[in-house]
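Listed below are the residues making up each chain.
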Amino acid sequence: LKSGLKIASVALALLGVNARLLGADPDPLAKRMGPIRGRLVREGLAKGQAFAMLTELCTTVGHRLSGSPGAAKAVAWAERTMKRAGLDRVRLEPVMVPRWVRGETETASYQSGAAKPDTPLSICALGGSVGTSSGGITAEVLEVRSFEELRAVGERAKGKIIFFNRPFDPGLFDPFAAYGGAVGQRGSGAIEAARAGGVAALVRSVTGRLDDVPHTGSMSYAGDVPKVPAAAVSTVGANRLSEALKADPRLRLTLALSCETLPDAPSSNVLGELVGSEMPGEVIVIGGHLDSWDKGQGAHDDGAGCVHAIEALRLLKAIGVRPKRTIRAVMFMNEENGNRGGIAYAAAARPGERAIAAIESDRGGGMPHGFSVGGGPAVLSAVSKWGPIFEPLQLDRFRAGGGGTDVAPLTAKGVPGFEIIVDTQRYFDYHHSDNDVLGEVHPRELELGAIAMALFSYTMAEDGLPAVKRP
Ligand SMILES: [Zn+2]
């Protein structure tokens, strides 16, 4: 038997099969990608531009809510930066976006007892909220942890400011899971408050960090209930208010907001690419969103994602490779409060081309570890075969999932969606707040994200993806 096996193995060796089965010899793609990976790393880490690009975005543009002067400057920044990076066919695609403005006034304070002075709380309006009357709303406060609890309260909610105070679950490993467990209060708090007869919604900031900085974010209204004002309170403020309510359940809170929604405004997505050398009509979209909330500098969310995409293409160009298929960087406008850019991009007619993948970066500029992979098991299995190419950079974590909000309209049309996986343990410390500034982004981690995007999109452009059934 032994000699039989030996003969079989020699025969296989002659056929060139056993080496691959045993993993002794890398497959041709991995072999070819090795030096390219090495050049990407050297170019990126020694001469990378990602942090310089992000510095310019954060310091000369700053935050950039859709329709604002900042967003218009961001469009110009993206166009200029793509041209400077040497991308092909840099262009704008116009899109109309919602225009919500915060206004000058956003204050909250509570008064407890007869002699007690006003105690101010650190708050900010939630994006899309209506304002209060100029004198603000003054009412008693009802604290709840869930919509179920609010519904069970019944009449007692009438005329009150509903205070949604469910914290992040600190016991969860994945911060996005903790976010998912708390963000419903922000998104639907105003609807549930109005439905219960409340006059406003005050929501604990959707973050696990304990500080005095409020975090904004999108919220919505329903057609069948009044639009009541909605604001976020810092986690420190939420704890203070909760304590004060225990001591004095009849305390009164005054909330004043001057935010409002203006007519839609013109804006643009910004596109630039490396045209494929063999299959230019097969397009791999990589990108993030150019807009941000009107807080901080939008450094992690999503300046980092924009820079990841532009720098990825600059790196490929700098090391002198041209992909077989087209890789296109798209800076999507209006992810935060409408996703009009993502919708418009997917809806546009693009004769002669077919999107084969859409890779998003919208989880901040932390250390990259791999990619979330959509399109089903066949795509995951194809991508997993690239493991040896990514393993030396500790980027070989490929897991089933998909892209983010910007590329969701593309994935809805059957294009496999992907997203870079980065370390997100600190992401919600910054998210949608004045904490989201350049100083919280590490230059090397940011550049490694761009290198990851370059290596992943280039490998895909060379190897392709298995055909995915369209819905
Ligand atoms: Zn984002």
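My aim in this report is to walk through the structure given alongside it, one point at a time. From a predicted model like this one, the values you see are computed outputs, not experimental measurements. (Residues numbered from 1 in each chain as written. Predicted model: local features only at pLDDT ≥ 70, side-chain atom pairs only at ≥ 80, totals over all residues. Heavy atoms only, no water.)

## What to know about the nonpolar core
If you look at the biggest cluster of nonpolar residues, it comprises 74 residues, and the most contacted ones within it are Ile286, Leu290, Met331, Phe418 and Phe456. Ranked by residue count, the leading element in this core is helix H16 (residues 443-463), at twelve residues. (Core = buried A, V, L, I, M, F, W, Y, C linked by side-chain atoms within 4.5 Å. Buried < 20%, exposed > 50% of the residue type's maximum accessible area, 1.4 Å probe, protein only. Helix = DSSP H or I, 4+ residues; strand = E, 2+ residues; numbered from the N terminus.)

## Observations regarding the coordination of the zinc ion
Summarising the metal site, the zinc ion is bound by the protein donors His289 (NE2), Asp301 (OD), Asp362 (OD) and Asp362 (OD), whose distances to it range over 1.9 to 2.7 Å. One can describe the site at the zinc ion as irregular: its four donor atoms subtend angles covering 52 to 149° at the metal. Since its relative accessible area comes to 0%, His289 is described here as buried. Look at Asp362 and you get buried, because its relative accessible area is 11%. (Donors = N, O, S within 2.8 Å, 3.2 Å for Na, K, Ca; no water. Tetrahedral: all angles 85-135°; square planar, octahedral: opposite > 155°, others 65-115°.)

## Concerning the sheet that holds strand S6 (residues 161-164)
On the basis of which strands lie adjacent, the open sheet formed by eight strands has the order S3-S2-S9-S5-S6-S7-S8-S4 and mixed pairing. What marks the edges here is a single partner per strand, and that holds for strand S3 (119-121) and strand S4 (123-125). Across this sheet, the average inter-strand angle for adjacent strands is 30°, counted without regard to direction. Pairing of strand S2 (residues 106-111) with strand S9 (residues 252-257) involves six bridges; the strand directions are antiparallel. In the sheet register, Gln111 faces S9, and the bridge partner there is Arg252. (Pairing = 2+ DSSP bridges. Axes fitted to C-alpha atoms, helices over the stretch in contact; angles between N-to-C directions.)

## What to know about the environment of Pro466
Turning to its location among the elements, Pro466 is positioned in the segment after H16. Judged by its relative accessible area of 29%, Pro466 is partly exposed. As for Pro466 and Ala378, which are separated by 88 residues in sequence, their C-alpha atoms are 6.8 Å apart. The residues touching Pro466, leaving out its near neighbours within four places in the chain, are Ala378, Val379 and Ala382. (Contact = heavy atoms within 4.5 Å.)

## With respect to the sheet that holds strand S12 (residues 325-332)
With mixed pairing, the eight strands of this open sheet are ordered in space as S1-S10-S12-S11-S13-S16-S14-S15. Only two strands of the sheet have a single partner each, and these edge strands are strand S1 (88-101) and strand S15 (397-400). Adjacent strand axes in the sheet meet at a mean angle of 25° when their direction is disregarded. Relative to S12, strand S11 (residues 279-289) runs parallel, the two sharing eight bridges. Looking at the pairing, His289 lines up with Phe332 of S12. Helix H5 (residues 69-84) rests against S1, strand S10 (260-274) and S12 of the sheet, and its axis sits at about 5° to S10.

## Some thoughts on the state of the cysteines
Taken as a whole, this structure holds zero disulfides when the rule is applied. In this structure Cys58 is not part of a disulfide, and its nearest cysteine sulfur, from Cys306, lies 10 Å away. There is no disulfide at Cys259, and the cysteine sulfur nearest it, in Cys124, is 9.9 Å away. With a relative accessible area of 4%, Cys259 lands in the buried category. (Disulfide = S-S within 2.5 Å.)

## Side note on the pattern of salt bridges
Summed over all chains, the structure comprises 28 salt bridges. Glu93 is paired through a salt bridge with Arg350; the nearest N and O atoms lie 3.0 Å apart. Of this pair, Glu93 sits in strand S1 while Arg350 sits in the loop between helix H11 (340-347) and strand S13 (354-360); the two residues are 257 residues apart in sequence, bridging distant segments of the chain. Neither Glu93 nor Arg350 differs from the other in exposure class; each is buried. Its salt-bridge partner being Arg151, residue Glu192 comes within 3.2 Å of it at the nearest N-O pair. You can see Glu192 sitting in helix H8 (residues 184-195) and its partner Arg151 sitting in helix H6 (residues 147-153), a full 41 residues away along the chain. Overall, Glu192 belongs to the buried group, its relative accessible area being 10%. Connected via shared salt-bridge partners are Arg89, Arg91, Glu273, Arg328 and Glu353. (Salt bridge = Lys/Arg side-chain N within 4 Å of Asp/Glu carboxyl O.)

## A word on helix H3 (residues 28-47)
Working note: α-helix, 3.6 residues per turn, so residues spaced by three or four point in the same direction. Compared with an ideal rise of 1.5 Å per residue, which puts 20 residues at 28 Å, H3 spans 29 Å between its outermost C-alpha atoms and is within 8% of the ideal. Along its length, H3 reaches its greatest deviation from straightness, about 30°, at Gly34, and the proline Pro35 lies no more than four positions downstream. Taken as a whole, H3 has its buried residues at Leu29, Ala30, Met33, Gly34, Ile36, Arg37, Leu40, Val41, Glu43 and Gly44. Buried residues in H3 make contact with helix H10 (299-318), helix H13 (387-390) and H16. Where H3 begins, the capping side chain belongs to Asp27, and its oxygen is found 3.0 Å from the backbone nitrogen of Leu29. (Expected span 1.5 Å × (residues − 1). Bend = angle between axes of the 7 residues up to and from the residue. Polar contact = N/O pair within 3.5 Å; in protein donor to acceptor, adjacent residues only side chain to side chain.)

## A short note on the pairing of S6
Burial along S6 is two-sided: the residues Ile161 and Phe163 and Ile162 and Phe164 are all buried. Pairing of strand S5 (residues 137-144) with S6, which is carried by four bridges, proceeds in the parallel orientation. Paired with Leu142 across the strands is Ile162, a residue of S6. The β-α-β motif built from S5, the intervening H6 and the parallel element S6 has right-handed crossover chirality. Note: S6 against strand S7 (residues 200-204), four bridges, orientation parallel. Of the residues in S7, the one forming a bridge with Ile161 is Ala200. (Right-handed = clockwise from strand over helix to strand, strands pointing away.)

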